[in-house]
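Commentary on secondary and tertiary structure
The chain contents come next:
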Amino acid sequence: QRRIHGISISKPIMYGNNAEQISEANPLPPGAPKDHTHIWTLFVKDATGQDMSLYVKKVVFKLHETYPNSMRTVEKPPFELRESGWGEFEVAIRIYFNSVCGERNITFYHNIKLHPYPPQAFNGSMGAPVVDKEGRVQSILYDEIVFNEPTEKMFRLLTST
Ligand code: SLL
């Protein structure tokens, strides 16, 4: 595919999770193990609100091996996963691009946070989780995907909307 030299396009993204404690108002999903204490949602999205499926083919979330079918694939937006659990762990978020992009997949890593405390491996570069008005834990990072020397098709796709 023909590429445009000397330019790069950067796409702002947000990824992370929110989590709510199980309670009467927020009950355990049917069939979930009784030792689960939280419901969480893991997601990746365009930070400007643009539809990521313009350039994203699918997102694979690699969960902790305590989860059945720990590779979860989401093939259309919203690229998110709602689950329940009892523990925090690191998840791999792999983004596969549409073939017109001529790009290899990329992987982000995220610590799923259930509790409003910094992760054990807190190293200063990861944001500490915050608690929102509804009492949900939010652990979300901002980042950018940079497409260097994009294909012509990709360039038109990303600049026409
Ligand atoms: C660790 N932090 O690194 C721990 C692992 C695993 C969490 C936490 C649910 C699994 C299930 C779940 O919350 N796993 O559905 O049984 O060792």
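Scroll up a little and you will see the structure.
This write-up is about the structure you can find in this document. These figures come from a predicted structure and were not determined experimentally. Each chain has its residues counted from 1, following the order in which its sequence is written. Residues qualify for local features only when their pLDDT is at least 70, as the model is predicted, and side-chain atom pairs are given and counted only at 80 or more; totals for whole chains, interfaces and linings, by contrast, use all residues.

A helix here means a DSSP run of H or I that spans at least four residues, while a strand means a run of E at least two residues long, and both kinds are numbered starting from the N terminus. Tallying secondary structure elements over the chain gives one helix and nine strands in all. When the helices and strands of the chain are placed in sequence order, the string is β-β-β-β-β-β-β-β-β-α. For the chain, the spread of C-alpha atoms along the three principal axes comes to 55 × 35 × 25 Å. By the burial criterion, 22% of the 161 residues in the chain qualify as buried. Note that contacts rest on C-beta atoms placed from the backbone: two residues are in contact if these are within 7 Å. In the chain, the share of contacts with a sequence separation of at least 24, taken over all contacts with a separation of at least 6, comes to 65%. Burial in this document is a count-based property: other C-beta atoms within 10 Å of a residue's C-beta are tallied, and the residue is buried at 20 or more, exposed at 12 or fewer, or partly exposed in between, with C-beta positions derived from the backbone.

With that out of the way, let us pick up the site of the ligand. As a structural note, the neighbourhood of the ligand is formed by Pro33, His64, Thr66, Tyr67, Gly85, Trp86, Gly87, Glu88 and Phe89. Residues are grouped as follows: Ala, Val, Leu, Ile, Met, Phe, Trp, Tyr, Cys and Pro are nonpolar; Asp, Glu, Lys and Arg are charged; every other residue, Gly included, is polar. Along the lines of polarity and charge, the residues of the shell around the ligand split into four nonpolar, four polar and one charged. As used in this record, a residue near a molecule or strand is one whose C-beta atom, placed from the backbone, is within 6 Å of it.

Right, let's get into the sheet that holds strand 6 (residues 89-97). For two strands to be treated as a pair, DSSP must find at least two bridges joining them. Pairing in this open sheet of four strands is antiparallel, and the strands run 4-3-6-7 from one edge to the other. Each end of this open sheet is capped by a strand with a single partner; those strands are strand 4 (71-74) and strand 7 (106-112). When the angles between neighbouring strand axes are averaged without regard to direction, this sheet yields 20 degrees. The sheet contact formed by strand 6 and strand 7 spans seven bridges and is antiparallel. Comment: axis = line fitted to C-alpha atoms, over the contacting stretch for helices; angle = value between 0 and 180 degrees taken between N-to-C directions.

With that out of the way, let us pick up the sheet that holds strand 9 (residues 137-148). Ordered in space as 5-2-1-9-8, the five strands form an open sheet in which the pairing is antiparallel. Two strands bound the open sheet, and with one partner strand each, they are strand 5 (80-85) and strand 8 (130-131). By the bridge criterion, 12 bridges tie strand 1 (residues 8-21) to strand 9 in an arrangement that is antiparallel. If you follow serine 8 over to strand 9, its bridge partner there is asparagine 148.

A separate point is the pairing of strand 1. Of the pairings in the sheet, the one linking strand 1 to strand 2 (residues 38-46) comprises nine bridges and is antiparallel in character. What sits directly across from alanine 19, in strand 2, is tryptophan 40.

As for its placement among the helices and strands, tyrosine 15 is situated in strand 1. Given 23 C-beta atoms within a 10 Å radius, tyrosine 15 is considered buried. Leaving out residues up to four positions away in the same chain, tyrosine 15 has contacts with Phe43, Val44, Ile93, Phe108, His110, Leu141 and Asp143.

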